[in-house]
Amino acid sequence: MEFQKGIEAHPDCPIYTSVFEDMKLDLVGGVKKLNEFLATGCSDELCEQIAVACSFTNMKEYKDSTASEQGKSMFKNKNFGFYRKGEVGDWKNWFTVAMNEEFDVEYKKRMAEYKTVYKYTLGDLSI
């Protein structure tokens, strides 16, 4: 709720938000929108190159290949836990129906006053 309060307290301060599911649908478009928001003047070609470099697969491979042995040793089986699958809706493979129902109740309670509307519902995050 602090984020919502901050937005309301500073209505003239532009805030850029990006949603994972939207980026999965159109990564290049997401980079172009950020470019417009920041007014960096990057060309469409550069935005496309940035999107490729920042794809989930490329970022995961880079992180895995550049991590120190000390860094790897902090994770189970020396595999980083930060990057998982990069898929929408993978939570369905981890939550039981009962867990999902409990989460939905708690989420609705805690987020009742939050004004930002997401097009992805808790019940179905598949796209």
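Anything mentioned here points back to the structure above.
What counts and how
Residues numbered from 1 in each chain as written. Predicted model: local features only at pLDDT ≥ 70, side-chain atom pairs only at ≥ 80, totals over all residues. Heavy atoms only, no water. Phe/Tyr/Trp six-rings, centres within 6.5 Å; stacked < 30°, edge-to-face > 60°. Helix = DSSP H or I, 4+ residues; strand = E, 2+ residues; numbered from the N terminus. Buried < 20%, exposed > 50% of the residue type's maximum accessible area, 1.4 Å probe, protein only. Polar contact = N/O pair within 3.5 Å; in protein donor to acceptor, adjacent residues only side chain to side chain. Contact = heavy atoms within 4.5 Å. Salt bridge = Lys/Arg side-chain N within 4 Å of Asp/Glu carboxyl O. Axes fitted to C-alpha atoms, helices over the stretch in contact; angles between N-to-C directions. Parallel < 35°, antiparallel > 145°, perpendicular 65-115°, else oblique. Left-handed = near helix turned anticlockwise from the far one by under 90°. Nonpolar A, V, L, I, M, F, W, Y, C, P; charged D, E, K, R; others polar.

This next bit is on the packing of aromatic side chains. Scanning all chains against the criterion turns up three aromatic pairs. Summarising the aromatic geometry, the rings of Tyr-16 and Phe-37 are spaced 5.2 Å apart at their centres and angled 40° between planes, so their arrangement reads as tilted. Here Tyr-16, found in the loop between α1 (2-9) and α2 (20-25), pairs with Phe-37, found in helix α3 (residues 27-38); they are 21 residues apart in sequence, far enough to count as distant. The exposure class of Phe-37 is partly exposed, given its relative accessible area of 35%. An aromatic cluster of at least three residues, connected via ring pairs, comprises Phe-95, Phe-103 and Tyr-107.

Relative to the assigned elements, Asn-35 resides in helix α3. Of note is the side chain of Asn-35, whose polar atom sits 3.1 Å from the backbone oxygen of Cys-42. Residue contacts for Asn-35: discarding those within four places in its chain leaves Thr-40, Gly-41, Cys-42 and Cys-47.

For the coordinates displayed, the defined rule picks out five salt bridges. Across the salt bridge formed by Glu-2 and Lys-5, the nearest N and O atoms sit 3.6 Å from each other. Separated by three residues within a single helix, Glu-2 and Lys-5 lie in helix α1, roughly one turn from each other. By relative accessible area, Lys-5 is classed as partly exposed at 48%. Between Lys-115 and Glu-8 there is a salt bridge whose closest N-O contact spans 2.9 Å. Of the two residues, Lys-115 is situated in the segment after α7 (97-110) and Glu-8 in helix α1; the sequence distance between them amounts to 107 residues. With a relative accessible area of 41%, Glu-8 lands in the partly exposed category.

Moving on, we get to the side chain of Gln-4. In this fold, Gln-4 is placed in helix α1. Once residues lying within four places of it in the same chain are set aside, the contact partners of Gln-4 are Tyr-114, Lys-115 and Thr-116.

Turning to the packing of α3 against helix α4 (residues 44-53), a few remarks are in order. Axis separation between α3 and α4 bottoms out at 8 Å; the angle between their running directions is 120°. Judged by the inter-axis angle, α3 sits oblique to α4. In this structure, α3 crosses over α4, and the sense of that crossing is right-handed. Facing α3, whose interface residues are Leu-27, Val-28, Val-31, Lys-32 and Asn-35, α4 presents Asp-44, Cys-47, Glu-48, Ile-50 and Ala-51. Within the contact of α3 with α4, the residues separate by chemical class into six nonpolar, one polar and three charged.

All quantities given are derived from atomic positions and should not be read as evidence of function.
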